[in-house]
Amino acid sequence: MKFFIDTANLAQIQEAHDLGILDGVTTNPSLMAKEGIKGEAAILQHYKDICEIVGEGDVSAEVLSTDFASIIEEGKKLAAIDSNIVVKVPMIKDGVKAIKWFTDNNIRTNCTLVFSAGQAILAAKAGATYVSPFIGRIDDSSWDGVELIAQIAQIYSIQGFKTEILAASIRNALHIVKCAEAGADVCTCPLDSILGLLKHPLTDIGLAKFLEDAKKM
Ligand code: G3P
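So, a few notes on the structure that sits alongside this text.

The interhelical angle for the contact between helix H6 (residues 117–125) and helix H8 (residues 145–159), taken along N-to-C directions, is 40°, at an axis separation of 10 Å. Looking at the two axes, H6 sits oblique to H8. Like other packed secondary-structure pairs, H6 and H8 cross with a definite hand, here right-handed. Counted together, Ala117, Ala120, Ile121 and Ala124 of H6 and Leu148, Gln151, Ile152, Ile155 and Tyr156 of H8 form the full contact between these two elements. Here the contact of H6 with H8 is built from residues that sort into eight nonpolar, one polar and no charged.

Counting buried positions over the five residues of strand S1 (residues 2–6) gives four, a clear majority of the element. Strand direction decides the pairing type here: S1 and strand S8 (residues 186–189), joined by four bridges, are parallel. What sits directly across from Phe4, in S8, is Thr188. As defined by bridge partners, S1 adjoins strand S2 (residues 24–26) across three bridges and the pair is classed as parallel. Directly across from Asp6, in S2, lies its bridge partner Thr26.

Another point: the site of the ligand. Every residue lining the ligand is accounted for by Asp6, Asn28, Lys88, Phe134, Arg137, Ala168, Ser169 and Arg171. In the model, an oxygen atom of the ligand is placed 2.5 Å from a nitrogen or oxygen of the Asp6 side chain. Taking Lys88, its side chain carries an N or O atom lying 3.3 Å from an oxygen atom of the ligand. Look at the ligand: alone it shows 310 Å² of surface, and the protein chains cover 81% of it. Of the residues in the shell around the ligand, the class split is two nonpolar, two polar and four charged.

Let us now look at the pattern of salt bridges. Counted under the stated rule, the structure contains nine salt bridges. Across the salt bridge formed by Arg171 and Asp140, the nearest N and O atoms sit 2.9 Å from each other. Within this pair, whereas Arg171 is found in the loop between strand S7 (164–167) and helix H9 (173–182), its partner Asp140 is found in helix H7 (residues 135–140), the two being separated by 31 residues in sequence. Take Arg171: its relative accessible area is 42%, and that puts it in the partly exposed class. Between Glu181 and Lys178 there is a salt bridge; the shortest N-O distance is 3.5 Å. Separated by three residues within a single helix, Glu181 and Lys178 lie in helix H9, roughly one turn from each other. On the basis of relative accessible area, Lys178 is assigned to the partly exposed category, the value being 36%. Through salt bridges with shared partners, one network takes in Lys209, Asp213 and Lys216.

We now examine the sheet that holds strand S3 (residues 58–62). The strand order around the closed barrel built from eight strands is S1-S2-S3-S4-S5-S6-S7-S8, with neighbouring strands paired in parallel fashion. Each strand of the sheet is rotated relative to its neighbour by a mean of 30°, with strand direction disregarded. Judged from the four bridges that link them, strand S4 (residues 85–90) and strand S5 (residues 109–114) form a sheet pairing that is parallel. Its bridge partner being in S5, Val89 is matched across the sheet by Cys111.

Rules of the game
- Residues numbered from 1 in each chain as written.
- Predicted model: local features only at pLDDT ≥ 70, side-chain atom pairs only at ≥ 80, totals over all residues.
- Heavy atoms only, no water.
- Axes fitted to C-alpha atoms, helices over the stretch in contact; angles between N-to-C directions.
- Helix = DSSP H or I, 4+ residues; strand = E, 2+ residues; numbered from the N terminus.
- Parallel < 35°, antiparallel > 145°, perpendicular 65-115°, else oblique.
- Left-handed = near helix turned anticlockwise from the far one by under 90°.
- Contact = heavy atoms within 4.5 Å.
- Nonpolar A, V, L, I, M, F, W, Y, C, P; charged D, E, K, R; others polar.
- Buried < 20%, exposed > 50% of the residue type's maximum accessible area, 1.4 Å probe, protein only.
- Pairing = 2+ DSSP bridges.
- Near = heavy atom within 4 Å.
- Polar contact = N/O pair within 3.5 Å; in protein donor to acceptor, adjacent residues only side chain to side chain.
- Areas by Shrake-Rupley, 256 points an atom, 1.4 Å probe, with all protein chains shown as cover.
- Salt bridge = Lys/Arg side-chain N within 4 Å of Asp/Glu carboxyl O.

Shown next as structure tokens:
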């Protein structure tokens, strides 16, 4: 399973990259706004900065348009920033149409705001590189987000769809473990959730004892 970080914060991206386990970055308009990125030039520059930190990894950059022609125009501009850019497109009618266009024109896509298996099938049919089910937001609405990952994984395997399942809206370390178990190809996580995987009280207790005993060596 690949690890992406779900943020537009350059310091956090650098920290995850320095860990040596980072495969890419996902952003969205909310995450970009949180970093105070405003205006087309600043947005394009910020994606460039992210690509530079990540090196080989994929960087999802989301379109802000919702009609076919504008999604295409915007997506082409984003894809031109760097070969690692993946154009993030919402799961709407014009979005599906645009994903098919991008697929036919060798531009990679991430279909976002996916909350059902039906939407995931449509994204795969259109040739999306990644499909992003928002598991935390599904949990918030009293459904089981991880169950959706497992369902999509089963459907894609039976049908031979090549689209990679990118579990998004991850809220904690257990989500990451459960998504790995359910067959996600990628988890995109806040830095805290990635670092949460490190934690176990028995590791801390065990290390303290080893260091204490090491003094007797
Ligand atoms: O990038 C999309 C997704 O990961 C958003 O997460 O926490 O806002 O539901 P969240």
